[in-house]
Amino acid sequence: MIKVWLLALMVFSNGYASTGAGMNNSTIPDFVNIGALFSFNTSVGKSVQIAIEAAIEDVNSNPNILGQTKLNLSLQEDSKYRGFLSIAEVLQVMARQSVAIIGPHSSVTAHVITHIANELQVPLLSFSALDPTLSSLQFPFFIRTCHSDLYQMAAIADLVDYYGWKDVIAVYFDDDNGRNGIGALGDKLAEKRCRISYKAPLSPEASLEEITNVLVQVALAESRVIVVHANTQWGPKVFTVANNLGMMGTGYVWIATAFLSALLDIQNHLSSDAIDEIQGVLTLRIYTPDSKLKRRFVSKWKNLTSGDNANVPLGLSFVALYAYDTVYVLAHALDAFFKQGPIKYTSDRNLVNPAYEIINVVGTGTRRIGYWSNYSGLSVVAPGTLQSKPASLSRQSQKLFPVIWPGNTDQRPRGWVFPNNGRVLKIGVPKGVFYHEFVSQIRGTDLFEGFCIDVFLAAVNLLSYAVPYKFVPYGDGKNNPSMTELTRLITTGEFDGAVGDIAITTERTRMVDFTQPYIESGLVVVAPVKRAETNALAFLAPFTPKMWCVTAIFFILVGAVVWILEHRVNDEFRGPPKKQLITVLWFSFSTMFFSHRENTVSTLGRFVLIIWLFVVLIINSSYTASLTSILTVQQLYSPIKGIESLLSGKEPIGYTQGSFARNYLVQEIGIVESRLVPLTTPEEAAKALRKGPQNGGVSAYIDERAYMDIFLSTRCNLTVVGQEFTRNGWGFAFPRDSPLAVDLSTAILQMIDSGDLQRIHDKWLLSSACLSQGAKLEVERLQLKSFWGLYVICGLACLLALFIYLIQIWRQYHKHYSEELESADQSPGSSRSSRLKTFLSFADEKEETIKSRTKRRKMERISYRSSEGSSSINSNKGYASRRSECAGEV
């Protein structure tokens, strides 16, 4: 930030440090001379003069600003405000010992006289020279008291981006202000990925004939979004000519810079013809926040511009407001210098918080549709309200009220049309060697046919506008053309688009824009196959060896767990060791067919069995389905299983000449380039596959799925192995940011929803398949990884049941063993081995026997305690009788 009082320091070092004129005995002068350089003969100049004189009067009558010091105003007509002839008028103002000059009117004059101001150190305060380049450090004595055109162009760029347009046409007057302003617009549009597609400069004093010639060229261009950057004197003539040429109708978008809003504000009552010429135009008005000083000045304006003060009533525009404020800026700067008070000003010598109102010309007046500020972007809320809230420039937060566009429509214009200059779009069509179902040139004509062509024609027919185009063949018809090179030619301008079997790849999307894919077509591997013969061990084929082993282990494991859980409570799981072993094995494997005859009686045993029967059900179903497929469906065998097999091998691999598959395999997959063999025709590819790598052929052939479906329809000894290893699609290519690509994408989506795309597909690509296409490429054996979750669940169920069972049996054993120690009066130092034997024998013993023995012992203990109790009672009774007898004798 810089200090405005430094400006005042420059003023006084120039105006009074050397002369002392107008000074009293104190350091504060009685009066200060200031000059005003402007073109006061125009309507804008008249309103500026009124505003400056009113400001001088208000400042001099307010002792709170400069105290006893008065401002003396010297007006100088800038009659030659277009260049070097203004130098003499500037020197006349400086000769009057002016400490500062308000002006000049135009940026052209400012560029000239700022050099003199720098040398003579006289500050220039301008509210109308808005050229962005005037804010550079080259002009330290130039102070802009209004917002630079840089912000105005940023607002226009945000408008263009908000409505989704990409290209604009700039119509401007070819002077410093026009060129530099449009240059700033181009920079701001580029930040939004938009651009100025055509510049239409006009000479500073262009005639109607010149304007007409320029606008005719504009009408022939593609874009319909036109930005007009002019002044209040010549800008309206552009709209007059445009209206005469029919360019103010439906489909056009006109955006005018702030000159139009200033003209509308100053000339309150435009003629009906004049207002009709600008219907639907959008323009910007510099936003001035409401304040007490502004309300007071607005209330005075009608009196200032009526009666003897003006020939016709003049409206109050932002130009007059900023002219009034400029005097106050200068007065406060002087006051700050006198009082040594700091007043902050922006570092780039522009006003802080630039903001604009966005105006729509409708009917007989204007309508505000929103605001723009560099803090909050586009909004329907006044910028001052948003300053206290966090900034948000996201697209979702940008809002404007509806607009009435040229042609009296509320439908957003598309913003572009095909140039009405007789030029048609050159659409490149690849002329391939084979697969003519997709694209082929009709012999002896310039016409094309095929699946891709029909899709393009159907999509174009869905557009709301006509597309002038012609198909141009690309390729010699003897070799497959490079689709990447075709897309590159779009960037050079040789083609305006490309239609055909063009895959959407990362490399190509860096050069052009593609439409929505109209067919999916990833890379696949094709390899020779032969029929797989069944053998005597075919029943083992559904599972891998590891799967068989794990399944067998779990059969035995579950049987053993159930035996442990049932052994103490179920007589069917008891008996001699040999019988129990046979029972375990029989029970385990009979569950495979749900034919086990042993009943489970324990809760834990039933829990484990239910889980295991569910696992067996899934395994049986999977085994049956796989075995059925193996024995009933023709099986094909290939040593190549997919792209992974090719990565680990060293055999040659075929690919289609001109396809992107070569670069993808080398750069993305990492296959050695020497292994790749280019193949031109389907016949050559089939021959190379028949030969095989041992006889000079290839082990596999890689191409896009759409091609392979046709390739395999008549070749039964070949098939696709593995899965698609890319996810590409085909689309139509157009230059970057082409609106046609967006509209055609929408049309393709409509065709998908309506079924038209599928009907076109069936027309060209629905061919009879090879009879062996119903065969399957060797069914993959069921692996353990497909069932490990079931086995984990079953294993956890077994462990949980065993854990609970051990806790239960340990509690029983501990209780029973403690009673044995008490009854047998055994010593506590018995050995661990004897305790283990005791525990094992306890675990082997039937639970019912243990319970009956425990019950019998409890009864015996109760009986014993009852007998002891009766004898004790009898003895007590004898003792009591003797004491009673003794008492009687006494």
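It should be noted that the structure appears before, not after, this text.
Since the model is a prediction, treat every value here as computed from it, not as a measurement. (Residues numbered from 1 in each chain as written. Predicted model: local features only at pLDDT ≥ 70, side-chain atom pairs only at ≥ 80, totals over all residues. Heavy atoms only, no water.)

**Q** An account of the nonpolar core is needed here, citing residue identities and associated values.
**A** Counting residues in each nonpolar core, the largest one holds 77 residues, and the members touching the most others are Val-48, Leu-71 and Phe-127. Here the element with the most residues in this core is helix H13 (residues 318-339); it accounts for 11 residues. Those residues within four positions of Val-48 in sequence are excluded, and the remaining contacts are Phe-38, Phe-40, Phe-127, Val-319 and Ala-323. The next biggest cluster of nonpolar side chains, apart from the first, holds 71 residues, and it includes Ile-671, Ala-685, Tyr-701 and Ala-747. (Core = buried A, V, L, I, M, F, W, Y, C linked by side-chain atoms within 4.5 Å. Buried < 20%, exposed > 50% of the residue type's maximum accessible area, 1.4 Å probe, protein only. Helix = DSSP H or I, 4+ residues; strand = E, 2+ residues; numbered from the N terminus. Contact = heavy atoms within 4.5 Å.)

**Q** I'd like to hear about the pattern of salt bridges, residue by residue, with values.
**A** Across all of its chains, the model carries 18 salt bridges by this definition. Measuring nitrogen to oxygen at the nearest pair gives 2.9 Å for the salt bridge that ties Asp-176 to Arg-179. Pair noted here: Asp-176 and Arg-179 are both in helix H7 (residues 176-191), with a separation of three residues, about one helical turn. Classification of Arg-179 as partly exposed rests on a relative accessible area of 38%. In this structure, Arg-368 and Glu-357 form a salt bridge, with 3.0 Å as the shortest nitrogen-oxygen distance. Within this pair, whereas Arg-368 is found in strand E14 (residues 365-373), its partner Glu-357 is found in strand E13 (residues 355-362), the two being separated by 11 residues in sequence. Look at the salt bridges and you will find they share partners, linking Asp-265, Arg-285, Glu-357 and Arg-368 into a network. (Salt bridge = Lys/Arg side-chain N within 4 Å of Asp/Glu carboxyl O.)

**Q** Go over the environment of Pro-473, please, and point to the residues and values.
**A** Here Pro-473 lies in strand E19 (residues 469-474). Separated by 47 residues in the primary sequence, Pro-473 and Lys-426 place their C-alpha atoms 9.8 Å from one another. Excluding anything up to four places from it in sequence, Pro-473 contacts Val-429, Lys-431, Gln-441 and Phe-448.

**Q** Describe the side chain of Thr-288, naming the residues involved and giving the relevant values.
**A** Within the secondary structure, Thr-288 sits in the loop between strand E11 (282-286) and helix H12 (292-304). Among the polar contacts made by the side chain of Thr-288, one reaches the side chain of Lys-294 at a distance of 2.8 Å. Here Thr-288 is in contact with Lys-294, Leu-321 and Tyr-322, once residues within four sequence places are set aside. (Polar contact = N/O pair within 3.5 Å; in protein donor to acceptor, adjacent residues only side chain to side chain.)

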